[in-house]
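So you can see what is in the structure, the chains are spelled out below.
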Amino acid sequence: MAGEKASEAKSNATKLLLETVFATKTQGRQNFRLVYAYSVKKKLLAAKVSNYVLAFKPEKREMLLIQIDADGNPVGSRIQLDEMDIAHAEHTARGGWLIDAKDLKKPTEFFVPDNMPDSAEITYQLPINQEQLAEQFRAMMQQICS
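Attention here is on the structure that accompanies the text. (Residues numbered from 1 in each chain as written. Predicted model: local features only at pLDDT ≥ 70, side-chain atom pairs only at ≥ 80, totals over all residues. Heavy atoms only, no water.)

1. Notes on the sheet that holds strand S3 (residues 62-68)
Strand order in this open sheet of 7 strands is S4-S3-S2-S1-S7-S6-S5, and the pairing throughout is antiparallel. Each edge of the open sheet carries a strand with a single partner, namely strand S4 (74-82) and strand S5 (86-91). Strand-to-strand twist across the sheet, computed as the mean angle between neighbouring axes with direction ignored, equals 30 degrees. In this structure, strand S1 (residues 33-42) lies alongside strand S2 (residues 47-57), joined through 10 bridges in antiparallel fashion. Bridge pairing links tyrosine 38 to asparagine 51 in S2. (Pairing = 2+ DSSP bridges. Helix = DSSP H or I, 4+ residues; strand = E, 2+ residues; numbered from the N terminus. Axes fitted to C-alpha atoms, helices over the stretch in contact; angles between N-to-C directions.)

Structure representation (structure tokens):
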């Protein structure tokens, strides 16, 4: 899957989903950049993928996390984090961002991929192409970590 990209139609559908969920859960808050993110909870013989709308403002080092289910519906309340809420953050060897914050139940590793191909749907992930936004998110997280 590395290097593969999503089809334009599926990537656009995912972007529309992110925008719709964000608008629903935030009543139209402005100036956030939206990316698709996911986390993986490993169990003994399996792994559970959780999908998120991750909205961020690099200039304020702020992010909102909205978990979405397999049908694209929001799950629970949004989690709002700014630099002061994050007790610890680090870039992991697997390429994710381990974030420990008071509003997260436990430290969670989030992945913000450059691309997820159409075939990612098999593992309940969303196909998307988001290279520039993923790079902007990485740059913000590197500032938070330093």
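2. Quick notes on helix H1 (residues 8-26)
Spanning 19 residues, H1 covers 27 Å between terminal C-alpha atoms, matching the ideal 27 Å at 1.5 Å per step. Of the positions making up H1, those classed as buried are Ser11, Thr14, Leu18, Val21, Phe22 and Thr26. Viewed along the axis of H1, the buried residues span an arc of 110 degrees, placing them on a single side of the element. Exposed side chains of H1 directed beyond 90 degrees from the buried face belong to Glu8, Ala9 and Leu16. Against the buried residues of H1 lie S1, S2, S3, S4 and strand S9 (128-129). (Expected span 1.5 Å × (residues − 1). Buried < 20%, exposed > 50% of the residue type's maximum accessible area, 1.4 Å probe, protein only. Arc of directions from axis to C-beta. Contact = heavy atoms within 4.5 Å.)

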